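Topology and contacts: notes
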Amino acid sequence: MTDRLYTPRLVTPQEEVEDIEIDLLLEGIFRVYGYDFRDYAASSLRRRIWHRIHALRLPSVSSLQDKVLHDPMEMKALIGSLSVSVTEMFRDPELFQLFRKEVVPYLAALPQIRIWHAGCSTGEEVLSLAILLHEEGLLDRARLYATDMNEDSLEQARKGLIPLRKMRDYTRNYLTAGGSGEFSEYYTVKSDYAVFQPELLQNAVFAQHNLVTDQSFNEFHVIFCRNVLIYFNKELQDQVHRLIYESLSLKGYLALGNRESINFTHHSDSYQPLNASERLYRKIR
Amino acid sequence: MKIRTRLFIGFGVLIILLFAIAGVGINRFSELRSDVDEVYRDRYERVSNATSARLSMNEMAKHIANILNQGGSIRVEEELAHLSERKANTERTLSRLSDLSNDSPREQSLSLAASRDWTNFSNYVVELHELIDQNDLKGAVQLRAEVGLGYQNALQESLLQLSNYHEQQMDAALDQINEANQRMLFLTGSMTGVALFLGVAVVLWLIRSISGGLGEMSALVASISNGRYRADDIPPPPARPDEFDEIAIAFHEMMRDLSIRREKERELTLRLEEEGWHSASLAHMLELLQASSESNEAAQLFASEVVPLIGAAYGAVYLLRPDADAGQGGQAADARTPRFLERSGAYAFEATEERGFRLGEGWVGQCALDRKEMRVTGLPPGYVTLGSGTGQTEPVDLLLVPILHEGELIGVFEAAALRPYAERETRLAEKLVEVLGASVSRIRSRKRIEELLHVSQTLAEELQTQSEELQHQSEELLTQQEELRISNGRLEQQLRIIEEKKGELEENQRVLEQQKRELALSSQYKTEFLANMSHELRTPLNSMLILSQLLSENKEGNLSARQREYAETIHTSGGDLLRLIDDILDLSKVESGKMEVHPDAVSLADLTDHLRQLFAPLAAKNGVDYRVDLAPSVPPMLYTDAQRLQQILKNLLGNAFKFTPQGSVTLLVSAAIPPGESSEATAAPSIAFEVKDTGIGISAEKQGLIFEAFRQADGTTGRRYGGTGLGLSISLEMARLLGGSIRLHSEPGKGSAFTLTIPQYREELAPADLAFLEQAHREAAPAGELETRSVSNAPAHPGPPAPSIQEHETVEGEEARLETSRFAGKSILLVDDDIRNVFALSSFLESCGMTVTFAENGLEALEQLRANPAFDLVLMDIMMPEMDGYEAMRRIREQPAFAELPIIALTAKAMREDRARCMENGASDYMAKPIDTAQLVKLLNVWLYK
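1. Brief notes about the overall build of chain B
When its secondary structure is counted, chain B shows 22 helices and 20 strands. Here chain B, with 946 residues, has 27% of them falling under the buried criterion.

What follows is the structure, encoded as structure tokens:
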């Protein structure tokens, strides 16, 4: 007997076929390209796949499969579509405020600081943290490892370019996040972009890394993995949490997205939340 | 009878006896005393009076005798006196005696006799006395003899009789007293004896009755202490109870109460013990169940614990399966298919038995349906058998308890025992079942909450992914829109341009040709002008040089040594001036892109030979060692512009000799790999020309200035360092033109080493590269505003990068200028009371094509905004009169129309709080004063971006 309240989804035959098609597509991608999307959250994945199918004006998942398996460029495009690269500078400014207050003193005591941005996307967060660390006088000692599975995003991240139209919001975020300098000190304007000082990313390492298939590559004092796990199903979330746990030093900090939670994962007991509202956790065991 | 009464009676009797004896004794003694008194007063006085009367009479007789016998002597008188005296005396005694006499007849007669005799005698005495007085002795004697003596004797006799009588009377009275005394003694003695006897009897009686009660009491107490006391044995109390009976009754009552209380206590203890057992079991169960997070686990735990605890031999917990579709017509579902009670925990169960029951099915189902406890005793044989490896047995008592929680049926607990249950066991079972109900209910609701939390977490994540995807899509859309817009605009523009161009093409071409011609002409003019000017300058300078040289030679010998010296100075200075003019010419050529590169094959051997010969005299003159070495690894030919190369090397060597008063100057030519590109396979090998001296050297800070000299050639630095700086700058630029570079390594006092590195192009490729090189700066040159780029950027293609600082600054400066394109036509409201700032800013902003409106304070700014709400941006000073920037910004933001109007606060303070205050008051961004134009341009770009 189980006490679980479980309501199974009603599946129409059409949807069943679609599920199979998606399974086949993902299996195919995994076996051909090594990208493993099989444990991604189903509903989001379905939407992303259909987004791509519509963009290509194709009739079905199978037709997309045909294209993707035979054309690496299509695969690249699909990855672009599957990896939702939504990020902002100083996104959720309160988190950065908390970071300054709680985490910076811990980092200040370290001779060398290693920070991992898992799923860094186009690198806005890396830039933000670099600015924060610079203002706290810690940037010289810090090494920022920024990884993403999407090479295109990484390429963009390396440039340190931000579209000008976003800069208003980012300026606001910067100020709310407790920025101690002038945001305009950090960039110059070139055409439609704000070009951030290359010195900020001097200690940043951008590398391709797939959280689903790749292993831990270092031990970090802080790990940012924000709004990445929401795309995964529970099993995969647990798996990635294990990877994060293995990569985080004891007393190190883990930052999650606003809607994410360490609860209901296998590692929930290993962390202590710093604050009820911000998703900043400290590894305690 | 009560002991008090007894004591009263006993002691009362004794006291009465005592008083009786004392009363009799006193009475008798007082009687005795009155008897003795009477004897004494009555008898004894009479006796003594009679006796004394007799004695007195005798005395009188004697005195008479004496008188008579003596006859007339003197003594007669005396005797006579005595006699009279005696006579009175006797008379008195006799009268007293007569007074005392009572009515006794004998006594009266005797007294009468005595008194008659006395009268006779006294008469006689009187006669006698008279006779004597007449001295008639003989008559006297005769008288006496005749009557006197008779009288005398009679009196004597009666008196004696009287005295005897009284003596007899007294003796009789005494005898009477003695007798009475004897009687009293006897009476007293006998009364004392009776009292003594009665007293002893009373005491004995009292002692017996008190000690008897005490004995009973002590027996009672002893019976309690030795435990033989039984409340039932109490004899009925006597009709008139004494104190001991009362005590005994009270005692019995006490004992009865005591035993009742003891009974109650025993019950209480039992109950407490049971409750203790219950609560211990409950606590234990609660603790056990608290730890379990699954209802099945809890049920199993319960069965394993509780069945042996209540003395049962087998048991099971059935839990009602939660309704899957509860809430949506659950009642109806219930009616159709009874819900299932699943066996979730069991104790000593056989594997073959039922997995569970439906509601109403069997005793278990019935118990659940009724929600009432069931007790089945005297189970029929074979109802259920419990077995182990060694045998089988059958239970006799079956208990079924429904598991309820807050009125909700959770399940049923069943337990069978091999003997009848004790009441406390069933009670415990009931209580424990409540705990189980609560626990299972708690586990289920926790599960439900967990589940809901889980669902909500999943939903939150799903929501986040959707929102991110949406954001992503809108981002994509925005990008696409942007791209579309741009490409659209571009297309339109292109279309227009193409159309226009089409029409204008010929015109343009014509104009272009015209311009080309004009350009060529103007370029020619410029070159000609420069050439002319240099010619114009050179001609008089040359005359001056020649003439001054002639003067200094003093061929006519009419000049003083001093005058010659002046002439030499004029000559030398003129030479310097000429070189300077050449340098300026070169510089202007480089600047205008007119410096031409004519690559050709250069023999390094020829070059070195030439340089050796050229500077040998100077070396000799200065007394400096001069060596030119050509390394063996160096290829024989180099493809470059020989003239420029020579010019550079001459410059470097000239410098070296200039600053080397002694020691050596060396030129070393070797093969080198250009720095910075060492790893790249495509990198061309280079030739390094190292000019090394042992001169004064250059300090680190000056090293930088030498390389920046070109940029500052028109400034103070140029003047301070004279021509040298210019030469080096030109050398550097020419080196770049050749695709090479110059590096300096120097230490003050030890010497300097300038290394010119020239890439060694392969012959077949080189012309093309160099041609491109030439073209690059020719194209760049006419652009005007990019004049520096031609020099710094063009060589970057084939050669090593120019010093990065320079390039960075150049690029940045250029972009800053470029990025003002967005500003044209924008209108800015500048709010500041500092007129210098207003002037500087407005002139700058206007130069960018913006319309600048000025307000001196916050109030004015508000008025301006009211008058013209179409401002694109506000630059707001903070410290102003009338109304400061904070308030002004607040007021502006209060108006919904200006909610999005970009306001950049200009603050002179660099404090963080100050900035935060700016932001709080509505600033979009802030800038520190003094205003840095580059930063302002950046901010304007961000905030004017549409």
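2. Considering the nonpolar core
In this structure, A:Ala130, A:Ile223, B:Leu875, B:Met876 and B:Ile904 are the most contacted members of the largest nonpolar core, which totals 116 residues. With 7 residues, helix H6 (residues 124-135) of chain A is the largest single contributor of residues to this core. The contact partners of A:Ala130, leaving out residues within four places of it in the chain, are A:Leu139, A:Leu144, A:Leu200, A:Leu201 and A:Ala204. With 45 residues, the next largest nonpolar core counts B:Ala298, B:Leu399, B:Ala416 and B:Val440 among its residues.

3. A word on the packing of helix H11 (residues 604-622) of chain B against helix H12 (residues 642-658) of chain B
Residue and element names in this part refer to chain B. Direction vectors running N to C along H11 and H12 enclose 20°, while the axes themselves pass 11 Å from each other. When the interaxial angle is binned, H11 and H12 end up roughly parallel. Regarding H11 and H12, the two cross each other, and that crossing is right-handed. Across the interface between the two elements, Leu607, Leu611, Phe615, Leu618, Ala619 and Asn622 from H11 touch Gln646, Leu649, Leu653 and Phe657 from H12. Per-class residue counts for the contact of H11 with H12 are 8 nonpolar, 2 polar and no charged.

4. As for the confidence of the model for chain A
Of the residues in chain A, 96% reach a pLDDT of 70 or more, and the chain-wide mean stands at 88. Low pLDDT (under 50) marks residues 1-7 of chain A, which in the prediction has 14 contacts with non-local residues, meaning those over four places away or in another chain.

5. Things to note about the interface of chain B and chain A
By convention, interface size is frequently given as the accessible area that disappears when the constituent parts associate. Between chain B and chain A, the contact holds 40 residues from the first and 35 residues from the second. Those elements that place two or more of their residues in the side of chain B that touches chain A are helix H6 (295-309), strand S2 (340-347), helix H9 (423-553), helix H17 (804-818), helix H21 (912-920), strand S20 (925-928) and helix H22 (933-944) of chain B. In terms of residue count, the dominant contributor to the side of chain B that touches chain A is H9(B) (17 residues). Among the residues forming the side of chain B that touches chain A, the class breakdown is 13 nonpolar, 11 polar and 16 charged.

6. A few points about the sheet that holds strand S12 (residues 664-672) of chain B
All names here are of chain B. Spatially, the 5 strands line up as an open sheet ordered S10-S12-S13-S15-S14, and their pairing is mixed. The sheet is open, and its two borders are formed by strand S10 (625-630) and strand S14 (741-747), each paired with just one other strand. Direction aside, the axes of adjacent strands within the sheet are offset by 15° on average. Bridge analysis of S12 against strand S13 (residues 686-693) gives 8 bridges, and the strand direction is antiparallel. Opposite alanine 672, over in S13, you have serine 686 as the bridge partner. Here H11 sits on the sheet and contacts S10 and S12; the angle it forms with S10, its principal contact strand, is near 180°.

7. Quick look at the pairing of strand S5 (residues 193-196) of chain A
All names here are of chain A. Of the two faces of S5, the one holding Ala194 and Phe196 is buried and the one holding Tyr193 and Val195 is not buried anywhere. When strand S3 (residues 161-163) meets S5, the two strands line up antiparallel, connected through 3 bridges. Bridge pairing in S5 links isoleucine 162 to alanine 194. Two elements, strand S4 (residues 187-190) and S5, share 4 bridges in a ladder whose sense is antiparallel. Note on S5: the bridge partner recorded for lysine 190 is tyrosine 193. Between the end of S4 and the start of S5, which pair antiparallel, lie 2 residues, with serine 191 showing a positive phi angle near 55°.

8. A word on the sheet that holds strand S8 (residues 408-417) of chain B
Residue and element names in this part refer to chain B. Spatial strand order, S3-S2-S1-S8-S7-S4: 6 strands in an open sheet with antiparallel pairing. A strand with exactly one partner marks an edge of an open sheet, and here the two such strands are strand S3 (356-358) and strand S4 (374-377). On average, adjacent strands in this sheet sit at an angle of 20° to one another, irrespective of strand direction. When strand S1 (residues 314-320) meets S2, the two strands line up antiparallel, connected through 6 bridges. Bridging from a neighbouring strand, alanine 316 pairs with alanine 346 of S2.

9. Overview of the packing of helix H3 (residues 105-133) of chain B against helix H4 (residues 137-225) of chain B
Residue and element names in this part refer to chain B. Axis separation between H3 and H4 bottoms out at 8 Å; the angle between their running directions is 155°. For the element pair H3 / H4, the angle class is roughly antiparallel. The way H3 lies across H4 gives a crossing that is left-handed. Classifying every residue of the contact of H3 with H4 by side-chain character gives 18 nonpolar, 7 polar and 5 charged.

10. Side note on the environment of B:Gln864
Residues and elements named next belong to chain B. Here glutamine 864 shows up in helix H19 (residues 858-867). Along the chain, glutamine 864 and leucine 829 lie 35 residues apart, while their C-alpha atoms are 8.1 Å from each other. Residues contacting glutamine 864, with those up to four places away along its chain left out, are Leu829, Thr853 and Ala855.

11. Remarks on H6(A)
Residue and element names in this part refer to chain A. With 12 residues, H6 extends 17 Å from end C-alpha to end C-alpha; this agrees with the ideal 16 Å at 1.5 Å per step. The element H6 is extensively covered by neighbouring structure, given that 10 of its 12 residues are classed as buried. Of the positions making up H6, those classed as buried are Glu124, Glu125, Val126, Leu127, Ser128, Leu129, Ala130, Ile131, Leu132 and Leu133.

12. What about the confidence of the model for chain B?
Interpretation of the predicted coordinates at a detailed level should be avoided for regions scoring low in pLDDT. Residue and element names in this part refer to chain B. In the predicted model, chain B carries a mean pLDDT of 78, and 83% of its residues have values of at least 70. Low pLDDT (under 50) marks residues 764-818, which in the prediction has 64 contacts with non-local residues, meaning those over four places away or in another chain. Across the interface, the model reports ipTM at 0.73; the global pTM reads 0.47.

13. With respect to the environment of B:Arg627
All names here are of chain B. With respect to the element layout, arginine 627 can be found in strand S10. Sequence-wise, arginine 627 and lysine 692 are 65 residues apart; in three dimensions their C-alpha atoms are separated by 9.9 Å. Among residues more than four places away in sequence, those in contact with arginine 627 are Ser664 and Thr666.

14. As for unusual backbone geometry
Residue and element names in this part refer to chain A. At serine 191, a position not held by glycine, the phi torsion is positive, near 55°. Looking at where serine 191 falls in the secondary structure, it is placed in the loop between S4 and S5. The class of serine 191 is partly exposed, set by 13 C-beta atoms lying within 10 Å. Even without a glycine there, the phi angle at phenylalanine 264 is positive, about 65°. The residue phenylalanine 264 is located in the loop between strand S8 (248-256) and strand S9 (271-273) in this model. The class for phenylalanine 264 is partly exposed, based on 14 C-beta atoms found within 10 Å.

15. Brief notes about the environment of B:Leu320
Residues and elements named next belong to chain B. As for its placement among the helices and strands, leucine 320 is situated in strand S1. Note: C-alpha distance between leucine 320 and isoleucine 403 (83 residues apart in sequence) is 9.4 Å. When residues no more than four places from it in sequence are discounted, the contact partners of leucine 320 are Arg339, Leu341, Ala368, Leu409, Ile410 and Gly411.

16. Examining H12(B)
Relative to the 24 Å expected for 17 residues at 1.5 Å per residue, H12(B) spans 24 Å between its end C-alpha atoms, a close match to the ideal helical length. Every buried residue of H12(B) is listed here: B:Arg644, B:Leu645, B:Ile648, B:Leu649, B:Asn651, B:Leu652, B:Leu653, B:Asn655, B:Ala656 and B:Phe657.

Thresholds, definitions, all that
Residues numbered from 1 in each chain as written. Chains lettered and ligands numbered in written order. Predicted model: local features only at pLDDT ≥ 70, side-chain atom pairs only at ≥ 80, totals over all residues. Helix = DSSP H or I, 4+ residues; strand = E, 2+ residues; numbered from the N terminus. Buried ≥ 20, exposed ≤ 12 C-beta atoms within 10 Å, placed from the backbone. Core = buried A, V, L, I, M, F, W, Y, C linked by C-beta atoms within 7 Å. Contact = placed C-beta atoms within 7 Å. Axes fitted to C-alpha atoms, helices over the stretch in contact; angles between N-to-C directions. Parallel < 35°, antiparallel > 145°, perpendicular 65-115°, else oblique. Left-handed = near helix turned anticlockwise from the far one by under 90°. Nonpolar A, V, L, I, M, F, W, Y, C, P; charged D, E, K, R; others polar. pLDDT = per-residue confidence, 0-100. Pairing = 2+ DSSP bridges. Expected span 1.5 Å × (residues − 1).

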